[in-house]
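Architecture and fold: a report
Spelled out, the chains give:
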Amino acid sequence: MVEIRILMALQELHTPVLDFVFAHITMLGDGGIFWISIGVLLACSKKYRRQGVLLLLCLLASFLIGNVCLKNLVQRSRPCWMYPEVPLLVREPGDFSFPSAHSMVGFAGAAALWLTDRRFGAAAYTLAAFIAFSRLYLFVHWPTDVIAGTVMGIAVAYAVFGIAYFGSGMRKRKTGGE
């Protein structure tokens with residue numbers, strides 16, 4: 001299986017410095033707290049309120065789709081459950097593997113920030129990519145979990161923004177005289 005070969009190859013990269021870095025980077029995605037905090041901070045600012053609210057909506061939609069629905073529907077075992085001989089650097093997750101919620105929420109948040117302000121979005125995409133990679137490095141997700149979470153997170157953000165855009169009447173309306 002290609003996925004286990006990729007994960008085992010990543011195990012060869014382990015060093016004390018990388019172990020420390022990726023164990024801490026992954027914590028930024030735990031429970032979506034980092035992304036939620038950013039959304040709340042933005043929502044509390046008059047200038048960035050709309051951006052913050054849309055970010056929070058993207059995070060909520062990602063959580064409901066990924067954690068509540070898909071993880072329980074697919075029920076994919078994690079690599080650390082199937083290969084318990086590989087030592088973990090983080091607490092063993094208790095929920096199912098597909099999709100990676102860290103990746104889905106991270107990329108939903110990054111896409112939301114990108115769609116509203118590219119400066120914030122570029123930094124957020126970089127962080128989301130590191131968080132997603134950390135899930136592979138730490139042996140708690142399969143590569144396809146991370147890829148699916150990434151794609152679905154971005155798709156959720158674009159869908160939420162599309163709904164917000166069309167639902168708010170922000171689009172230009174053509175009238176007979178134009």
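Before any of the text, the structure's been laid out above.
Every value quoted in this text rests on a predicted model; they were computed, and no experiment measured them.

A tally of regular secondary structure across the protein gives 8 helices and 0 strands. Listed N to C, the secondary structure of the protein is α-α-α-α-α-α-α-α in terms of helices and strands. Principal axes of the C-alpha set define a box for the protein whose edges measure 70 × 30 × 25 Å. Within the protein, the proportion of its 178 residues that are buried is 43%. Sequence separation of 24 or more characterises 76% of the internal contacts of the protein that already satisfy a separation of 6 or more.

Next up on the list: a nonpolar patch on the surface. On the surface, Val53, Leu57, Leu60, Phe63, Leu64 and Val68 cluster together into a nonpolar patch covering about 500 Å² of accessible area. Along the chain, Leu60 falls in helix α4 (residues 49–74).

Another point: the nonpolar core. Leu7, Trp35, Leu55, Cys58, Leu113 and Phe139 are the most contacted members of the largest nonpolar core, which has 38 residues in total. Listing elements by their share of this core, those giving two or more residues are α1 (2–11), α2 (16–27), α3 (33–43), α4, α6 (101–116), α7 (118–137) and α8 (143–167). For this core, the element with the most residues is α6, which contributes 8 residues. In contact with Leu113, not counting residues within four places along its chain, are Trp35, Ile38, Leu42, Gln51, Leu55, Arg118, Phe120, Gly121 and Ala124.

Here Phe98 and Pro99 are connected by a cis peptide whose omega angle stands at -5 degrees. Here Pro99 shows up in the loop between α5 (79–82) and α6. Despite not being glycine, Phe139 shows a phi value in the positive range, around 65 degrees. If you trace the backbone, Phe139 turns up in the loop between α7 and α8. Exposure remark for Phe139: the relative accessible area of 0% places this residue in the buried category.

The topology assignment puts Met27 in helix α2. Relative accessible area serves as the criterion here: at 44%, Met27 is assigned to the partly exposed category. Separated by 107 residues in the primary sequence, Met27 and Ser134 place their C-alpha atoms 9.5 Å from one another.

If you trace the backbone, His102 turns up in helix α6. When its relative accessible area of 12% is taken as the criterion, His102 is described as buried. A polar contact of 3.3 Å, which involves the side chain of His102, links it to the backbone oxygen of Thr26. Discounting chain neighbours no more than four positions away, the residues touching His102 are Thr26, Gly29, Asp30, Ile131 and Arg135.

Moving on, we come to the pattern of salt bridges. Counted under the stated rule, the structure contains 5 salt bridges. Between Arg76 and Glu3 there is a salt bridge, and its shortest N-O distance comes to 2.8 Å. Of this pair, Arg76 sits in the loop between α4 and α5 while Glu3 sits in helix α1, and the two are 73 residues apart along the sequence. The buried category is assigned to Glu3, whose relative accessible area is 11%. A salt bridge links Asp117 to Arg119, with the nearest nitrogen and oxygen atoms 2.6 Å apart. The exposure class of Asp117 is buried, given its relative accessible area of 12%. Within this structure, Glu3, Arg76 and Asp145 form a network of salt bridges that share partners.

Criteria and thresholds
Residues numbered from 1 in each chain as written. Predicted model: local features only at pLDDT ≥ 70, side-chain atom pairs only at ≥ 80, totals over all residues. Heavy atoms only, no water. Helix = DSSP H or I, 4+ residues; strand = E, 2+ residues; numbered from the N terminus. Buried < 20%, exposed > 50% of the residue type's maximum accessible area, 1.4 Å probe, protein only. Contact = heavy atoms within 4.5 Å. Patch = residues over 30% accessible without salt bridge, like charges linked within 9 Å, V, L, I, M, F, W, Y side chains within 5 Å. Areas by Shrake-Rupley, 256 points an atom, 1.4 Å probe, with all protein chains shown as cover. Salt bridge = Lys/Arg side-chain N within 4 Å of Asp/Glu carboxyl O. Core = buried A, V, L, I, M, F, W, Y, C linked by side-chain atoms within 4.5 Å. Polar contact = N/O pair within 3.5 Å; in protein donor to acceptor, adjacent residues only side chain to side chain.

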